[in-house]
Every structure is written in C-alpha cells, then in structure tokens.
Amino acid sequence: MIHPSVAPSYVSERLLHRASEIGRVLTPMQVLKLVYISHGWMLGLLDQPLIFETVEAWRYGPVVRSVYRKYRRYRGDPIAERGALHDGHLHEQQRDLIDQVFHGYGEYSGIELSRLTHQPNTPWAIAWQSGMSVIPNELIRDHYRRRAAELRAAHGG
C-alpha cells in the first residue's frame, strides 16, 4: 500500500517523543541523521519516500534543511522542545518504521550516526564526491535495499 510522504517535522517530533518516553534526549545531529535513516529505510524496504522534502548533501553529511533550521539553535546540546505529536498524519506503517529506526539507531551518538552516513559508497559520499547538492531518492533507496539484503543474508534469510 502506498502512503503519502509526510513533513520531516512529523518524523523528528515522533523521534523526540520516543526518546522522551524512555528518559532520553536527542541532539540536532542525532535527529537529522535519524530522520534521514528513517527515510532511507522506507525507500529501501517499501520503495516509497517517507518525507516529501529532498535530502541535501552538505559537507558534514545528509541534511533535511527544514529539520536543520528547526533545531539548529541547540547546536550540540539536547533538544529541549517537544513539538506537537502529529501521529494522525503518519500511517501505521510509517510510525512502525520510525520506531524501528529509533530502536535500532537511537542509542548512537550524533558522531556515530554521522560516521555511518559518511562511509564510502553511501548515498551522501557518492553525491558529495559527484558534486550533487541533493541526494537522489533512487541513490538512497538502492543503498538501503542493499543494506536490507546484507542483513537478511547475515541472518540466514
């Protein structure tokens, strides 16, 4: 079933609420990377974008501009605000995927998440080295499809 893509803020707010529920906080870098990773897994697993905004290739990694603008004032500090949770705008499958990304990657620091997204042959690395300002969804989708196949092979399935 195809679900419409959503505002990146809906994804970031869900991530922040998930962290808050278990007594954790997230920094802007963590939120930026987790939104990107959520979008990537949605593309890779379901062949549909999670967010309607493009992902840009900035010097320091993949960035969703509206998320960056929303939280940049916190710099490296934890994000103190909790925006309204717009779960009604997210389909159950989207909520589940965001929650799985939070469960799988939420313990990583911003620096650790940045290292993951900066590895050779990642969508960001390919776009950055090619001089692209936007990371095409097809590049992100193909990367996460490969990651899913690698994980399945590693787990015997």
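Treat the numbers as computed from the prediction; the structure is a model and nothing was measured.

Peer 1: Just checking my understanding: could you explain the environment of Tyr105 for this structure?
Peer 2: Here Tyr105 is to be found in helix α4 (residues 92-105). When the C-alpha atoms of Tyr105 and Ser5 are compared, they prove to be 22 Å apart, with 100 residues separating the residues in sequence. The residues contacting Tyr105, other than those within four sequence positions of it, are Leu34, Ile37, Trp41, Leu113 and Leu116.

Peer 1: Looking at this structure, I do not really get the packing of aromatic side chains. What am I missing?
Peer 2: Note on aromatic pairs: each is described by the distance of the centres and the angle between the planes. Scanning the model with the defined rule gives five aromatic pairs in all. Considering the side-chain rings of Tyr105 and Tyr108, the 6.0 Å spacing of their centres and the 55 degrees angle between planes classify their relative orientation as tilted. Under the relative-accessibility criterion, Tyr105 is labelled buried at 16%. Considering the side-chain rings of Trp124 and Trp128, the 5.9 Å spacing of their centres and the 15 degrees angle between planes classify their relative orientation as stacked.

Peer 1: Sorry if this is basic, but what is going on with helix α5 (residues 110-117) here?
Peer 2: Turn by turn, an α-helix covers 3.6 residues, leaving residues three or four places apart pointing in a common direction. Among all positions in α5, only Gly110, Leu113, Ser114 and Thr117 are buried. Looking straight down α5, one finds that the buried residues subtend no more than 105 degrees of arc, so they occupy a single side. Lining the buried residues of α5 we find α2 (28-46), β2 (61-63), α4 and α6 (123-130).

Peer 1: Is there a simple way to explain the pairing of strand β1 (residues 55-58) in this structure?
Peer 2: Two faces make up the sheet, and in a regular strand the side chains alternate between them. As paired strands, β1 and strand β3 (residues 134-135) are joined by two bridges and run antiparallel to one another. For Glu56, the partnering residue across the bridge sits in β3 and is Val134. For β1 and β2, the ladder comprises three bridges, and the chain directions are antiparallel. If you follow Trp58 over to β2, its bridge partner there is Gly61. Here β1 folds back onto β2 in antiparallel fashion, the turn holding two residues.

Peer 1: I'm lost on the pattern of salt bridges in this one. Help?
Peer 2: Where side chains of opposite charge bring their charged atoms close, a pairing between them can arise. All told, the structure shown has 10 salt bridges when counted by the stated rule. Among the salt bridges present, the one from Arg73 reaches Glu81, with a minimum N-O distance of 2.3 Å. You can call Arg73 exposed: its relative accessible area is 56%.

Peer 1: Teacher, can you tell me more about the sheet that holds β1 here?
Peer 2: Consider a sheet: its strands pair through backbone hydrogen bonds, and that pairing is either parallel or antiparallel. Sheet architecture is open: three strands sit in the order β2-β1-β3, paired in antiparallel fashion. In this open sheet, the two strands that pair with only one neighbour each are β2 and β3. The sheet strands contacting α2 are β1 and β2, and the helix crosses β2 at an angle near 80 degrees. Contacts from α6 reach β1, β2 and β3 within the one sheet, and its direction differs from that of β1 by about 60 degrees.

Peer 1: Looking at this structure, how should I read unusual backbone geometry?
Peer 2: A positive phi angle is found at Arg75, which is not glycine, with a value near 50 degrees. Position of Arg75 relative to the elements: it lies in the loop between α3 (65-71) and α4. One non-glycine residue with positive phi stands out, namely Asn121, at about 70 degrees.

Each value, and the rule that gives it
- Residues numbered from 1 in each chain as written.
- Predicted model: local features only at pLDDT ≥ 70, side-chain atom pairs only at ≥ 80, totals over all residues.
- Heavy atoms only, no water.
- Helix = DSSP H or I, 4+ residues; strand = E, 2+ residues; numbered from the N terminus.
- Contact = heavy atoms within 4.5 Å.
- Phe/Tyr/Trp six-rings, centres within 6.5 Å; stacked < 30°, edge-to-face > 60°.
- Buried < 20%, exposed > 50% of the residue type's maximum accessible area, 1.4 Å probe, protein only.
- Arc of directions from axis to C-beta.
- Pairing = 2+ DSSP bridges.
- Salt bridge = Lys/Arg side-chain N within 4 Å of Asp/Glu carboxyl O.
- Axes fitted to C-alpha atoms, helices over the stretch in contact; angles between N-to-C directions.

So far we have only geometry, and geometry alone does not tell us how the molecule works.
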